[in-house]
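# Topology and contacts: notes
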Amino acid sequence: MSTTGNLFEDTSEQSEKNPTSVQPMIELRGLSKTYQSESGRVVDALVDVNLEIQRGEIHGIVGQSGAGKSTLIRCLTTLESPTSGEVIVNGEDLSRLGQSALRRARRNIGMVFQHANLLDARTVEQNIAYPLRLNGTPAAETKARVAELLEFVGLTERANSYPSELSGGQKQRVGIARALADRPPVVLCDEPTSALDSETTGQILHLLSDLREQFGVTVVIITHEMSVVREICDSVTLLEDGKVATTGPLEELVKDVTSRLTCDLVPFPAISARDVTHDAHGNENALLDVRFTSSPGKPTGSAVMTLASSLSGDLAAGTFETLGRTQVGRLALTVPRSQVKAALAAFHSHNIFAEEVPVV
Ligand SMILES: Nc1ncnc2c1ncn2[C@@H]1O[C@H](COP(=O)(O)OP(=O)(O)OP(=O)(O)O)[C@@H](O)[C@H]1O
């Protein structure tokens, strides 16, 4: 895959000249959305949501089914009007714009969908050109832009193919190229990899990452896949029951090893119960969940291991994830049952999270 020309305007020069460029790219202020069904049932889908997404960031929005993720996307893309609050994209409050200003503001957001949503009767080239045709871009300009985008997503050879002739990953590349056609400063991706296998997922995430690295585009990814957050997000928002449970830079949020977000991102390692319950001499063991973080200048892993070994602990399994500048360690540690209390007290006295977990 290679890139050509100036696909996007140079935002660095703009930042020097334009003070609004230090504003977040997306700001939600007191955003609420209440639905009332025909039967009269009232659902608070979003409740006083406040969050900021900085320019050039890759931001993940996660949450269980029903948490409000789709409603949030629909408010961002103005498919839905908020019940109250502000949706500010690139400095403009979308709820205050008239129809023609809104049409222009919508062009600030390119959409990438879970199943690419391509037009089956049109070729790859025609699909990518579609938004440009709709907004009246001259034919020669459209042709040049489509050629640039085909090269960027590595599909120049497939320009005349139809969607039915493409793999899932290739369709998603076309979807990404189409989202970029109008040079939006924001690309909003709704579950972009959940229909793809792990290798293709890696390629698509790499492409989204490239987009940010090379052109400073702000990428927002709605996903239920924690692996997506681990691999490319700089910052994340966890929605729970329509409310922001937590939001901020990933490397800061994961320092709270007790949080739901950290536990979802770095789950307890999978182990076999048989390997845990007794040691080689037949003595009963207990299983501890030990969690800690390390960062440059503050290494913790070797201190934890030294402490574990002084407590006759044995490492059954361990997970280490590097998220930005923070490394999160999560260990499945066995200790003799007679030592559990002492082991927990020792970890806690060193400010290291540890708790006994049932062996199942
Ligand atoms: N048009 C609607 N009318 C009534 N209730 C709605 C409507 N759209 C969504 N809801 C309700 O709002 C809440 C949030 O729904 P939403 O679709 O935003 O969640 P989600 O996090 O996207 O879930 P999923 O991951 O399953 O897509 C849910 O309780 C849902 O039933």
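Residues numbered from 1 in each chain as written. Predicted model: local features only at pLDDT ≥ 70, side-chain atom pairs only at ≥ 80, totals over all residues.

## Notes on the site of the ligand
Surrounding the ligand, one finds Tyr 35, Ser 37, Val 43, Ala 45, Gly 63, Ser 65, Gly 66, Ala 67, Gly 68, Lys 69, Ser 70 and Thr 71. Of all the elements in the fold, those that place two or more residues in the shell around the ligand are strand 2 (42-53) and helix 2 (69-76). The class makeup of the residues in the shell around the ligand is 4 nonpolar, 7 polar and 1 charged. (Near = placed C-beta within 6 Å. Helix = DSSP H or I, 4+ residues; strand = E, 2+ residues; numbered from the N terminus. Nonpolar A, V, L, I, M, F, W, Y, C, P; charged D, E, K, R; others polar.)

## Quick word on the UniProt feature "domain: ABC transporter" (unreviewed entry) in the chain
Mapped onto the present numbering, the UniProt feature "domain: ABC transporter" (unreviewed entry) falls on residues 26-266. Between the first and last C-alpha atoms of residues 26-266 the distance is 28 Å; the span itself is 37% helix and 26% strand. (UniProt positions renumbered as here; feature names shortened; annotations may be inferred.)

## Thoughts on the sheet that holds strand 13 (residues 326-336)
Reading across the sheet, the 4 strands line up as 12-13-11-14 and stay open at both edges, with antiparallel pairing between neighbours. Two strands lie at the open edges of the sheet, namely strand 12 (314-323) and strand 14 (353-357), each paired on one side alone. The average angle at which neighbouring strand axes cross in this sheet is 20°, direction not considered. Pairing of strand 11 (residues 285-294) with strand 14, which is carried by 5 bridges, proceeds in the antiparallel orientation. Within the sheet, the bridge partner assigned to Leu 288 lies in strand 14 and is Glu 356. Sheet contacts for helix 12 (residues 340-349): strand 11, strand 13 and strand 14; angle to strand 14, the most-contacted strand, approximately 155°. (Pairing = 2+ DSSP bridges. Axes fitted to C-alpha atoms, helices over the stretch in contact; angles between N-to-C directions. Contact = placed C-beta atoms within 7 Å.)

## Some details on the domain arrangement of the chain
When the domains of the chain are assigned, the result is domain 1 (11-253) and domain 2 (260-357). Taking the mean C-alpha position of each, domain 1 and domain 2 sit 39 Å from one another. Taken together, the contacts link 11 residues of domain 1 with 9 residues of domain 2. Listing elements by their share of the side of domain 1 that touches domain 2, those giving two or more residues are helix 8 (226-232), strand 9 (235-240), strand 10 (243-249) and helix 9 (250-253). (Domains from an automatic or database assignment.)

## Description of the sheet that holds strand 5 (residues 92-93)
Judged by pairing direction, the sheet is antiparallel, and its 4 strands sit side by side in the order 2-1-4-5 without closing on themselves. Each having just a single partner strand, strand 2 and strand 5 make up the two edges of the open sheet. Across 2 bridges, the pairing between strand 4 (residues 84-89) and strand 5 is antiparallel. Looking at strand 5, one finds that Ile 88 is bridged to Asp 93.

## Quick word on the nonpolar core
When a protein is soluble and globular, its nonpolar side chains tend to lie buried together. In terms of nonpolar packing, the biggest core is built from 65 residues, with Ile 128, Leu 149, Ala 177, Val 187, Cys 189 and Val 219 touching the most fellow members. Considering every element that reaches this core, the biggest residue donor is helix 6 (residues 168-180), with 5 residues. Taken domain by domain, this core gets at least three of its residues from each of domain 1 (11-253) and domain 2 (260-357). Look past the residues within four positions of Cys 189 in its chain and what remains in contact with it is Val 112, Leu 208, Val 219, Val 220, Ile 221 and Ile 222. Counting 16 residues, the second largest nonpolar core, distinct from the first, contains Ala 286, Leu 333, Ala 343 and Phe 347. (Core = buried A, V, L, I, M, F, W, Y, C linked by C-beta atoms within 7 Å. Buried ≥ 20, exposed ≤ 12 C-beta atoms within 10 Å, placed from the backbone.)

## Here we look at unusual backbone geometry
With phi around 55°, Asn 90 is a residue other than glycine that occupies positive phi space. Given 20 C-beta atoms within 10 Å, Asn 90 falls into the buried group. If you check the backbone angles, Asp 241 has positive phi at about 50° while not being a glycine. In this structure, Asp 241 sits in the loop between strand 9 and strand 10. What makes Asp 241 partly exposed here is the crowd of 14 C-beta atoms within 10 Å.

## Focus on the pairing of strand 2
In this sheet, strand 2 lies alongside strand 1 (residues 26-36) in antiparallel orientation, the contact comprising 8 bridges. Across the sheet, the residue bridging to Leu 28 is Leu 51, located in strand 2. Here strand 1 hands over to strand 2 after 5 residues, with Gly 40 in that stretch at a positive phi of 95°.

## Section: the confidence of the model for the chain
Here the chain shows a mean pLDDT of 89. Residues at 70 or above account for 93%. The low-confidence segment residues 1-17 (pLDDT under 50) makes 18 contacts with residues lying over four places distant or belonging to another chain. This complex was scored by the predictor with a pTM of 0.88 and an ipTM of 0.97. (pLDDT = per-residue confidence, 0-100.)

## A look at the packing of helix 6 against helix 7 (residues 198-215)
The relative placement of two packed helices comes down to the angle between their axes together with the axis-to-axis distance. Their axes nearest at 10 Å, the elements helix 6 and helix 7 cross at an angle of 15°. Here helix 7 runs roughly parallel to helix 6, going by the angle between their axes. Here helix 6 runs over helix 7; the crossing is right-handed. Contact with helix 6, carried on its side by Gly 168, Gly 169, Gln 172, Arg 173 and Ile 176, involves Thr 200, Gln 203, Ile 204 and Leu 207 of helix 7 and no other residues of that element. Grouping the amino acids of the contact of helix 6 with helix 7 by side-chain chemistry returns 3 nonpolar, 5 polar and 1 charged. (Parallel < 35°, antiparallel > 145°, perpendicular 65-115°, else oblique. Left-handed = near helix turned anticlockwise from the far one by under 90°.)

## Quick notes on helix 6
Compared with the 18 Å implied by 1.5 Å per residue over 13 residues, the 19 Å span of helix 6 between its first and last C-alpha is a close match. Regarding helix 6, the residues found buried are Gln 170, Lys 171, Gln 172, Arg 173, Val 174, Gly 175, Ile 176, Ala 177, Arg 178, Ala 179 and Leu 180. Among the structural elements, strand 6 (109-112), helix 4 (124-134), helix 5 (139-152), strand 7 (186-190) and helix 7 are those in contact with the buried residues of helix 6. (Expected span 1.5 Å × (residues − 1).)

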